[in-house]
Amino acid sequence: DGVAVTAEALRWYALAVVGYAGIKASAPLFLARGDTRTPMLCSLAGIAANLAVALLAIESLGYRALALAVVVGTALNFLLLRAVGRARYGASSSPGPAYVARVGGGAALMGGAGWGLCRLLGPPGGLLTLALCVGLAGLYFLATALLGLPEARTVAGRAAARLGLQGRRQSPPG
C-alpha cells in the first residue's frame, strides 16, 4: 500500500527534523562572527555521512536507507557544530548535555504518549487532532517543568503574571 510506505518514510524523515533544527540554531553562533567556513565544513561532513549511510544501507533497508541517511547526516552536522562551538567559545555557547537530556526526555514522553494514543484511538481527525496536539504540548510543558527546564519556569511565571495570578497575597485579617 502506497500510503503505508509513504507514512513509514515520513516517520524516518521526521527524525531528521531534530538535527535540522539544531543546525539552524547552532550555525548563527559562527555566522554572527563572520565564520562561514566552519558551518560549511560541518555541512560537508554531514553530506559525506549521508552518502555513506545511503550507499551502505540501501540494499538492506531499501527506501528507508535514504531517510536514515538524512537523519545521520543532519545529526552529525549538528553535533559537529555544537562540539566546535563549545571548544572555541566555551560551554555557554550551547546548551550542555543535561539541558539536551531534559528537552529530549520531555520530547520522548510527548512522542510516546502521542504514538500510544494514536495506536489506542486510531488515526485522529478534525478536532481530535487539535485536542491531541494541545494536550501533547501541555504534557511536554509539564514534563520539562518537572525536569527543571528554566524556560518552562519562565513561561509559567509569565503566564501567571499575565493572568494576574502572580504576586497576589491575602491581606491579614484585621
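That block above? That's the structure.
Residues numbered from 1 in each chain as written. Predicted model: local features only at pLDDT ≥ 70, side-chain atom pairs only at ≥ 80, totals over all residues. Heavy atoms only, no water.

What follows concerns the overall build of the protein. Across its full length, the protein holds six helices and zero strands. Starting at the N terminus, the α and β elements of the protein follow one another as α-α-α-α-α-α. At 21 Å, the protein has a C-alpha radius of gyration far larger than the 16 Å of a compact globule built from 174 residues. Seen along its three principal axes, the alpha-carbon backbone of the protein occupies a region of about 80 × 50 × 20 Å. Considering the protein as a whole, with its 174 residues, one finds that 22% of them fall into the buried category. Looking at the protein as shown, the accessible area adds up to about 11600 Å², and 69% of this sits on carbon and sulfur atoms. Computing the positive centroid from 15 side-chain charges and the negative centroid from 5, the protein places the two 19 Å apart. (Helix = DSSP H or I, 4+ residues; strand = E, 2+ residues; numbered from the N terminus. Rg over C-alpha atoms; globule rule 2.2 N^0.38 Å. Buried < 20%, exposed > 50% of the residue type's maximum accessible area, 1.4 Å probe, protein only. Areas by Shrake-Rupley, 256 points an atom, 1.4 Å probe, with all protein chains shown as cover. Lys, Arg positive; Asp, Glu negative; His and termini not counted. Charge placed at Lys NZ, Arg CZ, Asp CG, Glu CD.)

To continue, consider helix α6 (residues 150-162). Taking 1.5 Å of rise per residue, the 13 residues of α6 would be expected to cover 18 Å, and the 18 Å separating its terminal C-alpha atoms lies within 8% of that figure. One or two residues past the end of α6 sits G164, with phi positive at roughly 75°. (Expected span 1.5 Å × (residues − 1).)

Counting residues in each nonpolar core, the largest one holds six residues, listed as I23, L29, F30, C42, F78 and L81. Sorting the residues of this core by element identifies α1 (2-31) and α3 (63-89) as the ones contributing at least two each. Ranked by residues supplied to this core, first place goes to α1 with three residues. (Core = buried A, V, L, I, M, F, W, Y, C linked by side-chain atoms within 4.5 Å.)

Moving on, we get to the packing of helix α2 (residues 37-61) against α3. Contact geometry for α2 and α3: axes closest at 7 Å, N-to-C directions at 155°. In this view, α2 runs roughly antiparallel relative to α3, as classed from their interaxial angle. Both α2 and α3 take part in a crossing whose hand is right-handed. Of the residues contributing to the contact of α2 with α3, the split by class is 20 nonpolar, six polar and two charged. (Axes fitted to C-alpha atoms, helices over the stretch in contact; angles between N-to-C directions. Parallel < 35°, antiparallel > 145°, perpendicular 65-115°, else oblique. Left-handed = near helix turned anticlockwise from the far one by under 90°. Nonpolar A, V, L, I, M, F, W, Y, C, P; charged D, E, K, R; others polar.)

What follows concerns the side chain of N77. Mapping N77 onto the fold places it in helix α3. When sequence neighbours within four positions are dropped, the list of residues in contact with N77 reads I23, C42, S43 and G46. (Contact = heavy atoms within 4.5 Å.)

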